[in-house]
Amino acid sequence: MASATDSRYGQKESSDQNFDYMFKILIIGNSSVGKTSFLFRYADDSFTPAFVSTVGIDFKVKTIYRNDKRIKLQIWDTAGQERYRTITTAYYRGAMGFILMYDITNEESFNAVQDWSTQIKTYSWDNAQVLLVGNKCDMEDERVVSSERGRQLADHLGFEFFEASAKDNINVKQTFERLVDVICEKISPGDIMTTLHTPNKRGQMLGAGGPARGTNSAGKDPCCSPLQTCLLKAVQESGGGQQLPPTHSFPG
């Protein structure tokens, strides 16, 4: 696990358009578990105790360094309410990593983890990586979910486990950095589409060899490995060819 002073992890302004890889990450979980605060603590190093429920979905962009590579993280903050579920699950496509969050002071949010895990398996691609995070560990006097229960559930689901606090800035940066590490460990550098930075005028995603090609008679892209084809398809299906303001990379 990287420390806060690990030299591999420098940071650039989110508007920096020069990067080697871009990872789409979603933060999911029940309403009020602290997803928005967790994102703002990581992206802006800010925290507000006021609770404002996320409407639909929003995201921030942060660029970090890992092993001399610029990695742009597009981090999506999703609404936890049931009425937004159809909207938010549409954004699972193309996500390479998930932070599945519950509140250690809220038993219901912990019991819902299994359902959220099922949604990841249903709507995301097979190799998406997941970290389970028990948030609000600063509220020890109000804890109802023990660390051991959280760890056991993570082991059962095959996820790594953190307890964190957006308020006290405990394990926030470490959680994101570990997720980046896991993604890079599971996916070889040669399989990551490194130049899916900008759509061309036809809305096609540009790779090193130009616009993405079609499939051959066997239904496979002749220029890509199976994993590259999967990644490219995920980006295209998630609306990657649409334009957003310059500070936003891909919408999907």
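Just so you know, these numbers come straight off a predicted model, no measurement behind them.

A. The environment of Thr 118, seen in detail. For Thr 118, the location among the structural elements is in helix α4 (residues 113–123). With a relative accessible area of 40%, Thr 118 lands in the partly exposed category. Taking the C-alpha atoms as reference points, Thr 118 and Leu 157, separated by 39 residues in sequence, lie 9.9 Å from one another.

B. Highlighting the packing of α4 against helix α5 (residues 147–157). Packing of α4 against α5 leaves a shortest axis separation of 12 Å and a crossing angle of 25°. Between α4 and α5, the crossing angle belongs to the class labelled roughly parallel. The element α4 and its partner α5 pack so that their crossing is right-handed. Facing Val 113, Gln 114 and Ser 117 of α4, the residues of α5 in contact are Leu 153, His 156 and Leu 157.

C. Fine view of the pairing of strand β2 (residues 21–28). Of all the eight residues making up β2, eight are buried; the element is thus mostly covered by neighbouring parts of the structure. Burial along β2 is two-sided: the residues Tyr 21, Phe 23, Ile 25 and Ile 27 and Met 22, Lys 24, Leu 26 and Ile 28 are all buried. Relative to strand β4 (residues 69–78), β2 runs parallel, the two being bridged by seven bridges. Within β4, the residue paired with Ile 25 across the bridge is Ile 75. Where β2 and strand β5 (residues 97–103) come together, four bridges link them in parallel fashion.

D. Examining the pattern of salt bridges more closely. Scanning the model with the defined rule gives eleven salt bridges in all. Residues Glu 163 and Arg 143 are paired through a salt bridge, measuring 2.8 Å at the closest nitrogen-oxygen approach. One end of the pair, Glu 163, is in strand β7 (residues 160–163); the other, Arg 143, is in the loop between β6 (129–135) and α5, and 20 residues separate them in sequence. Since its relative accessible area comes to 14%, Glu 163 is described here as buried. Ionic contacts of the salt-bridge type, sharing partners, join the residues Glu 140, Arg 143 and Glu 163 into one network.

E. Broad picture of the pairing of β7. The sheet contact formed by β6 and β7 spans four bridges and is parallel. From the neighbouring strand, Val 133 faces β7, where its bridge partner is Phe 162. For the crossover from β6 across α5 to β7, the handedness is right-handed.

F. Up close: the nonpolar core. By size, the foremost hydrophobic cluster in this structure holds 54 residues, and its most contacted members are Phe 23, Phe 38, Leu 73, Phe 98, Leu 100 and Leu 132. Apart from residues lying up to four places away in sequence, Leu 132 is in contact with Leu 100, Tyr 102, Val 113, Gly 150, Leu 153, Ala 154, Phe 159, Glu 160, Phe 161 and Phe 162.

G. Representation of the packing of aromatic side chains in the model. By the definition in use, this model includes seven aromatic pairs. Judged by centre distance (4.2 Å) and plane angle (40°), the rings of Phe 59 and Trp 76 are tilted. You can see Phe 59 sitting in strand β3 (residues 57–66) and its partner Trp 76 sitting in strand β4, a full 17 residues away along the chain. Pair check on accessibility: Phe 59 and Trp 76 agree, each one buried. Here the aromatic residues Phe 38, Tyr 42 and Phe 176 are joined through ring pairs into a cluster of three or more. The ring of Phe 40 carries Lys 60 above its face, with NZ or CZ at 4.5 Å from the centroid. Above the ring of Tyr 42, the side-chain terminus of Lys 62 is found at 5.1 Å from the ring centroid.

H. Representation of the confidence of the model for the protein chain. For the protein chain, the average pLDDT comes to 72, and 61% of its residues sit at 70 or higher. Counted against residues more than four places away or in other chains, residues 1–15, with its pLDDT under 50, gives 34 contacts. Here residues 194–252 is a poorly scored stretch, pLDDT under 50, and it has 97 contacts once near neighbours within four places are set aside; other chains count.

I. Spotlight on α4. Turning to α4, its buried residues are Val 113, Trp 116, Ser 117, Gln 119 and Ile 120. Seen end-on, α4 carries its buried residues on one side only, within an arc spanning 155°. Exposed positions of α4 whose direction lies more than 90 degrees from the buried face are Asp 115, Lys 121 and Thr 122.

J. Layout of the environment of Thr 78. Structurally, Thr 78 can be placed in strand β4. Residues Thr 78 and Ile 28 lie 50 residues apart in sequence; the distance between their C-alpha atoms is 5.9 Å.

Parameters and conventions
Residues numbered from 1 in each chain as written. Predicted model: local features only at pLDDT ≥ 70, side-chain atom pairs only at ≥ 80, totals over all residues. Heavy atoms only, no water. Helix = DSSP H or I, 4+ residues; strand = E, 2+ residues; numbered from the N terminus. Buried < 20%, exposed > 50% of the residue type's maximum accessible area, 1.4 Å probe, protein only. Axes fitted to C-alpha atoms, helices over the stretch in contact; angles between N-to-C directions. Parallel < 35°, antiparallel > 145°, perpendicular 65-115°, else oblique. Left-handed = near helix turned anticlockwise from the far one by under 90°. Contact = heavy atoms within 4.5 Å. Pairing = 2+ DSSP bridges. Salt bridge = Lys/Arg side-chain N within 4 Å of Asp/Glu carboxyl O. Right-handed = clockwise from strand over helix to strand, strands pointing away. Core = buried A, V, L, I, M, F, W, Y, C linked by side-chain atoms within 4.5 Å. Phe/Tyr/Trp six-rings, centres within 6.5 Å; stacked < 30°, edge-to-face > 60°. Lys NZ or Arg CZ within 6 Å of the ring centre and 35° of its normal. pLDDT = per-residue confidence, 0-100. Arc of directions from axis to C-beta.

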